[in-house]
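Read off the chains here:
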Amino acid sequence: MYVCICHHVRENQVRAAIRCGASDEEAVGDACGAGTGCGSCLDRIADLLEEEGNTDTRLPSAA
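## Quick word on the nonpolar core
- Among the nonpolar cores identified, the biggest contains 13 residues, and Val 3, Val 14, Ile 18, Val 28, Ala 34 and Ile 45 are the most heavily contacted of them.
- If you list the elements that add at least two residues to this core, you get strand 1 (2-4), helix 1 (11-19) and helix 3 (42-51).
- Discounting chain neighbours no more than four positions away, the residues touching Ile 45 are Val 3, Glu 25, Val 28, Ala 34 and Gly 35.

Below is the structure:
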């Protein structure tokens, strides 16, 4: 299943990035491109981060 339609990134690619050390949405984006387009997949990426056991799952809000 695709997590990021903009960059054609599948769930297994996101999970692999997380397992290799990506600990937040930005790091996942750096690793595989997911979440770097329109941003509509960021919630799903956060869910996957939580499922994979990472606790720092939200990008800081803009001031």
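## What about unusual backbone geometry?
- If you check the backbone angles, His 8 has positive phi at about 55° while not being a glycine.
- Tracing the sequence through the fold places His 8 in the loop between strand 1 and strand 2 (9-10).
- We classify His 8 as exposed; its relative accessible area is 54%.

## Concerning the pattern of salt bridges
- Taken as a whole, this structure holds six salt bridges when the rule is applied.
- Between Glu 52 and Arg 15 there is a salt bridge whose closest N-O contact spans 2.5 Å. Here Arg 15 lies in helix 1 and Glu 52 lies in the segment after helix 3, a separation of 37 residues in the sequence.
- When its relative accessible area of 23% is taken as the criterion, Glu 52 is described as partly exposed.
- Beyond isolated ion pairs, a larger network of salt bridges with shared partners links Glu 11, Arg 15, Arg 19, Arg 44, Glu 51 and Glu 52.

## A closer look at the environment of Arg 10
- You can see Arg 10 is positioned in strand 2.
- By relative accessible area, Arg 10 is classed as partly exposed at 38%.
- Each C-alpha atom of the pair Arg 10 and Ala 34 lies 8.6 Å from the other, and the pair is 24 residues apart in sequence.
- Those residues in contact with Arg 10, other than ones at most four positions away along the chain, are Met 1, Tyr 2 and Val 3.
- Of note is the side chain of Arg 10, whose polar atom sits 3.3 Å from the side chain of Tyr 2.

## What to know about helix 2 (residues 25-32)
- Residues of helix 2 that are buried: Glu 25, Val 28 and Gly 29. Summarising the axial view, the buried residues of helix 2 lie within an arc of 100°, below the 170-degree limit, and thus occupy one face. Residues of helix 2 that are exposed and angled more than 90 degrees away from the buried face: Glu 26, Asp 30 and Ala 31.
- Packing partners of the buried residues in helix 2 comprise helix 1 and helix 3.
- Between the side-chain oxygen at the start of helix 2 and the backbone nitrogen of Glu 26 there is a gap of 3.3 Å, and the oxygen is on Asp 24.
- Looking one or two residues past helix 2, Gly 33 carries a phi angle of roughly 90°, positive in sign.

Definitions and cut-offs
Residues numbered from 1 in each chain as written. Predicted model: local features only at pLDDT ≥ 70, side-chain atom pairs only at ≥ 80, totals over all residues. Heavy atoms only, no water. Core = buried A, V, L, I, M, F, W, Y, C linked by side-chain atoms within 4.5 Å. Buried < 20%, exposed > 50% of the residue type's maximum accessible area, 1.4 Å probe, protein only. Helix = DSSP H or I, 4+ residues; strand = E, 2+ residues; numbered from the N terminus. Contact = heavy atoms within 4.5 Å. Salt bridge = Lys/Arg side-chain N within 4 Å of Asp/Glu carboxyl O. Polar contact = N/O pair within 3.5 Å; in protein donor to acceptor, adjacent residues only side chain to side chain. Arc of directions from axis to C-beta.

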